[in-house]
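# Descriptive analysis of the structure
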Amino acid sequence: MSNRQPPIESLEVEDRVFPPPEQFAARAVATSDLVAAAAADPEGYWAAEASRLEWIEPWQQVLDRSGAPFFKWFTGGRLNASANCLDRHLAERGDRVAFYWEGEPGDAQEITYRDLYERVCRLANGLRELGVGKGDRVAIYLGMVPELPVAMLACARIGAPHTVVFGGFSPNALSERIQDCSCTAVITADEGWRNGKTIPLKANVDAALESCPSVEAAVVVRRTGGEVTWAEGRDHWYHELVERQAPACPPEPMDSEDLLYILYTSGTTGKPKGIVHTTGGYMAGVASTHRQVFDLRDDDVYWCAADCGWVTGHSYIVYGPLANGCTGVLYEGAPGFPGPDRWWRIIERHRVSILYTAPTAIRTFMKWGTDAPAGCDLTSLRLLGSVGEPINPEAWMWYHQHIGGGRCPIVDTWWQTETGTIMISPLPGITSTKPGSATFPLPGVGADIVDEAGTSVGLGQGGYLVLTEPWPAMLRTLYGDDERYLETYWSRFPGLYLAGDGARRDEEGYFWLLGRIDDVMNVSGHRLSTIEIESALVDHPAVAEAAVVGRADAITGQAIAAFVTLVGGVVGDEDLIGELRGHVAKRIGPIARPQSIVLTADLPKTRSGKIMRRLLRDISDDRQLGDVTTLANAEVVREIADMATAARAAGQEE
Ligand code: WT7
């Protein structure tokens, strides 16, 4: 490849623009004055945002760059995350609902800030009774029950960093994480509910702990009442433990740079990375971005429909919203249980005004059709959010029209487990949005797109997304592995944080995320982004979801192989496949026409809903398939592999 070629070519053009509705513009939390102030003095801006928190001891320095890229924020300051989420709201809003919780089977709880405070204090005291102290790591392996945020906050209260492991992970994944940070305690439940079935959480913990000698205590929530085996001396029922505790517990004063939590994220290869987040900068960042991106008002009912097992749940279910004293919704179960209208009933019941979810969920709802949302009262909604992947313009339009009733702005928020907070996103009162674009870096955030040499590319060009300035909620390191931290994020372009995503800016400077760098294809010497071809496919009325990968090709280097699921009721045949190939060629150009399209009932996805393109690449290249146990739906893989073999044979006949 010649040096002059842009790192990623971008062919897709999207020209729809949605200016902020008047009522947003008139009362916006984040204004253009604020944006200007932040641009003029980023550190001053973050200091002002941090002073919304309650500090036990003021900080001496806003940002310490001396050990770069091991940055420190608000050094010398002391605070407690749990006290910021709970104690300081008690006087003014102790009776306000913190969470409307719904269990999957239909049971429900309304938890006020005072209730939450007392539950957190009791568990914090209980953990201390079990010998957990400041600095000890605690693993949390639960479904989306109220005890999950309670456990996170109880750990934060006593200064014990938590590591939440998603309840859908296997015993193996759990023990790997527990071992990596030598947890001394685990908080779990007998079982969890998912799609009307139970998940054996306690049995998984028992299996995991066989290889985790560091764990001395397990606390077990009784959720389903299912039978569990018991290790005397190690296992403790949650309800018995908290019952004997006082409902007050003084919060541990934490240094701004003390560990708040570790959260593991899987890289494409190698063992999971333990992302380290500390206290002061993280809390300032999540509270600030939650308030501004979601244009938070006092009467909002906010629902982030993620799982606390992901960073989205940490930052935008627990720490950000509670620091802002906001009323939220927690839902335990699957979106389709007992029927496809479950989410929309929840919105109707609690008059939800802000909904934050992921493109994968939106595309699933698209597949299910419009009857379910159309049959519910969604008029309480005023703002919608998206996170986790680039949102295809077609899914954006569907979300806008069928969920938002055409009146709600959409904030497409780009960020990562590593960044801790939203980094690139519209501000709904001032940003004109374009379907599929995350728009601009937030106030106080520096982002750029660079070429192979690390030079900023011009408008209209694609390249590597980098962050140019430290930010308060940034990861501090990878747990126990400073070397890997330096190597992964800071070695490619000195002084710049490498996000690992491709992106382009359009002529107006809007950022368009193009997927992970590893997912880029090289077709006849052109570097093409998978997401643009996927979006062109999803743009066709018959298509619900699409995944595109490059397959080794003797002539073109890589050939485009597409995997497509159809919307409910549409029957796929050879004619439709031909039509879809033509559709992509028309939207993007002949170079982007897929060589083969496999129609499949489902796509292989990680448990957080991201399409596993790596696996589809293996299938397309007819390679031995690696480990599929982290997939949410491993059974589709064999089926797709068989169809791909047939499609490859057909494609090569042309
Ligand atoms: C990766 C981070 C951030 C919480 C959930 C995922 C992709 C995330 C967007 C978006 C395009 C997005 C990126 C990023 N991503 N949000 N709005 N548009 N891509 O956290 O598991 O750490 O994944 O998700 O590829 O690098 P994560």
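Counting restarts for each chain, with residues numbered from 1 along the sequence as it is written. Totals for whole chains, interfaces and linings use all residues, but because this is a predicted model, local features are given only for residues with pLDDT of at least 70 and pairs of side-chain atoms are given and counted only at 80 or more. As a rule here, side-chain values cover all heavy atoms of the structure and leave hydrogens and water aside.

## Thoughts on helix H3 (residues 42–50)
We call a residue buried when its accessible area falls under 20% of the maximum for its residue type, exposed when it is over 50%, and partly exposed in between, using a 1.4 Å probe and counting protein chains only. In DSSP terms, a helix is any run of H or I states spanning at least four residues, a strand is any run of E spanning at least two, and both are numbered starting from the N terminus. Taken as a whole, H3 has its buried residues at Tyr45, Trp46, Ala47, Glu49 and Ala50. In this structure, the buried residues of H3 make contact with helix H2 (32–40), strand S1 (61–64), strand S2 (72–75) and helix H11 (280–293). Whether two residues are in contact is decided by their heavy atoms: any pair within 4.5 Å suffices.

## Regarding the pattern of salt bridges
When a carboxyl oxygen of Asp or Glu is within 4 Å of a side-chain nitrogen of Lys or Arg, the pair counts as a salt bridge. Applying the stated criterion to the full structure yields 38 salt bridges. Arginine 128 is the salt-bridge partner of glutamate 252, the closest N and O atoms lying 3.3 Å from each other. Remark: arginine 128 occurs in helix H6 (residues 113–129) and glutamate 252 occurs in the loop between helix H10 (238–243) and strand S13 (254–255); sequence separation between them is 124 residues. The class of glutamate 252 is partly exposed, set by a relative accessible area of 23%.

## So, the site of the ligand
As a matter of local geometry, the ligand sits amid 16 residues, with Asp412, Thr413, Thr417, Asp501 and Arg516 nearest to it. At 2.8 Å from a nitrogen atom of the ligand is found a main-chain nitrogen or oxygen belonging to threonine 413. All accessible-area figures derive from a Shrake-Rupley calculation using a 1.4 Å probe, and residue coverage is judged against the displayed protein chains alone. When isolated, the ligand has an accessible area of 550 Å², and the protein chains bury 89% of it. Within the residue set of the shell around the ligand, elements represented by two or more residues are helix H12 (311–323) and strand S24 (511–516). When residue character is reported, Ala, Val, Leu, Ile, Met, Phe, Trp, Tyr, Cys and Pro are called nonpolar, Asp, Glu, Lys and Arg charged, and the others, Gly included, polar. A per-class count over the shell around the ligand returns 6 nonpolar, 5 polar and 5 charged. Throughout, near means a residue has at least one heavy atom within 4 Å of the molecule or strand. Polar contact is defined as a pair of N or O atoms within 3.5 Å, subject to the rule that within protein one atom must be able to donate a hydrogen and the other to accept it, and that residues adjacent in sequence are counted only when both atoms are side-chain atoms.

## Some details on the packing of aromatic side chains
Note on aromatic pairs: each is described by the distance of the centres and the angle between the planes. Stacked, tilted and edge-to-face are the three classes assigned to paired rings of Phe, Tyr and Trp, where Trp is represented by its six-membered ring and a pair needs centres within 6.5 Å; plane angles under 30 degrees give stacked, over 60 edge-to-face, the rest tilted. Scanning the model with the defined rule gives 32 aromatic pairs in all. Their ring planes at 10 degrees and their centres at 6.3 Å tell us that tyrosine 261 and tyrosine 319 sit as a pair that is stacked. Note that tyrosine 261 is positioned in strand S14 (residues 259–265) and tyrosine 319 in helix H12, a separation of 58 residues in sequence. Given the relative accessible area of 0%, tyrosine 319 is considered buried. Here tyrosine 485 and tyrosine 489 contribute two aromatic rings whose centre-to-centre distance is 6.1 Å and whose plane-to-plane angle is 55 degrees, an arrangement assigned as tilted. Linking tyrosine 485 with tyrosine 489, this pair stays in helix H17 (residues 482–490), spanning 4 residues, or about one helical turn. Take tyrosine 485: its relative accessible area is 0%, and that puts it in the buried class. Among the residues examined, tyrosine 489 registers a relative accessible area of 3% and is labelled buried. An aromatic cluster is present here, built from Phe70, Phe71, Trp471, Tyr485, Tyr489, Trp490 and Tyr497 joined pairwise through their rings. Look at NZ for Lys and CZ for Arg. If either is within 6 Å of the ring centre and within 35 degrees of the ring normal, a charge sits over the ring. Seen from the ring of phenylalanine 169, arginine 177 lies directly overhead, with NZ or CZ sitting 4.8 Å from the centre.

## Notes on the environment of glutamine 61
Residue placement: glutamine 61 occurs in strand S1. Along the primary structure glutamine 61 and valine 219 are separated by 158 residues, whereas in three dimensions their C-alpha atoms are 39 Å apart. Residues within four places of glutamine 61 in sequence aside, it is in contact with Trp73, Phe74 and Thr75.

## Looking at the environment of cysteine 183
By the secondary structure assignment, cysteine 183 is in the loop between helix H8 (171–180) and strand S8 (185–189). Residue classification places cysteine 183 among the buried positions, given a relative accessible area of 0%. Distance in space between the C-alpha atoms of cysteine 183 and glycine 159 is 14 Å, their sequence separation being 24 residues. In this structure cysteine 183 touches Arg137, Val138, Ala139, Thr163, Ile178, Ser214 and Val215, once residues within four positions along its chain are discounted.

## Quick word on the state of the cysteines
In plain terms, two cysteine sulfur atoms within 2.5 Å form what is called a disulfide here. Tallying each qualifying case throughout the model produces 0 disulfides. Residue cysteine 212 stays outside any disulfide, its sulfur separated by 8.1 Å from that of cysteine 183, the closest cysteine. Between cysteine 408, a free cysteine, and cysteine 376, which holds the nearest cysteine sulfur, the sulfur-to-sulfur gap is 15 Å. According to the relative accessible area criterion, cysteine 408 is buried, its value standing at 1%.

## What to know about helix H20 (residues 613–620)
Summarising burial for H20: 7 of the 8 residues are buried, a large majority. Positive phi appears at aspartate 622, one or two residues downstream of H20, with a value of about 60 degrees.

## Concerning the sheet that holds S24
Ordered by their spatial adjacency, 4 strands build an open sheet running S21-S22-S23-S24, and the pairing between neighbours is antiparallel. If you trace the sheet from one side to the other, it starts and ends with strand S21 (447–450) and S24, each paired once. For this sheet, the mean inter-axis angle between neighbouring strands, taken without regard to orientation, is 45 degrees. Taken together, the 4 bridges between strand S23 (residues 497–505) and S24 define a ladder with antiparallel strand orientation. Across the sheet, aspartate 501 pairs through a bridge with arginine 516, a residue of S24. Pairing between strands is defined by DSSP: at least two bridges between them are needed. The angle between two axes is taken between their N-to-C directions and runs from 0 to 180 degrees, where each axis is a line fitted to C-alpha atoms and a helix contributes only its stretch in contact.

## A short note on the sheet that holds strand S20 (residues 410–412)
Pairing is mixed in the open sheet, where 7 strands are placed in the order S5-S4-S17-S16-S18-S19-S20. Each edge of the sheet is formed by a strand with only one pairing partner; in this case those strands are strand S5 (108–112) and S20. Each neighbouring strand pair of the sheet contributes to a mean axis angle of 15 degrees, computed without reference to strand direction. The pairing of strand S4 (residues 97–102) with strand S17 (residues 327–331) spans 4 bridges and is parallel. Pairing of glutamate 102 across the sheet is with tyrosine 331, part of S17.

## Considerations on the confidence of the model for the protein chain
Confidence of the predictor in every single residue is expressed as pLDDT, which spans 0 to 100. For the protein chain, mean pLDDT is 93; residues scoring 70 or higher make up 96% of the total. Element-level pLDDT for the protein chain is lowest in helix H21 (residues 635–652), with a mean of 72, against a maximum mean of 99 in helix H7 (residues 147–158).

## Brief notes about the pairing of strand S11 (residues 217–221)
Of all 5 residues that make up S11, 5 are buried, and the element is covered over most of its length. Both faces of S11 are covered, namely the face carrying Ala217, Val219 and Val221 and the face carrying Ala218 and Val220. Of the pairings in the sheet, the one linking S11 to strand S12 (residues 235–237) comprises 3 bridges and is parallel in character. Within S12, the residue paired with valine 219 across the bridge is histidine 236.

## Section: the nonpolar core
Take the buried Ala, Val, Leu, Ile, Met, Phe, Trp, Tyr and Cys residues and link them wherever side-chain atoms come within 4.5 Å; each set so joined is a nonpolar core. Within the largest apolar cluster, 132 residues are counted, with the highest numbers of intra-cluster contacts made by Leu116, Leu123, Ile140, Met283, Phe294, Tyr319 and Leu465. The element best represented in this core is H7, accounting for 9 residues. Apart from residues lying up to four places away in sequence, leucine 123 is in contact with Val150, Ala151, Ala154, Ile187, Tyr238, Leu241 and Val242. Of all hydrophobic cores here, the second largest spans 30 residues; its members include Val301, Met366, Leu381 and Ile403.

## Points about unusual backbone geometry
The peptide bond linking alanine 68 to proline 69 adopts the cis configuration, its omega dihedral lying at 5 degrees. As for its position among the elements, proline 69 is in the loop between S1 and S2. Following phenylalanine 337, the chain continues into proline 338 via a peptide bond in cis, with omega recorded as -5 degrees. Position of proline 338 relative to the elements: it lies in the loop between S17 and helix H13 (342–350). One non-glycine residue, serine 182, lies in positive phi territory at about 40 degrees. Here serine 182 lies in the loop between H8 and S8. If you check the backbone angles, arginine 351 has positive phi at about 50 degrees while not being a glycine. Within the fold, arginine 351 resides in the loop between H13 and strand S18 (354–357).

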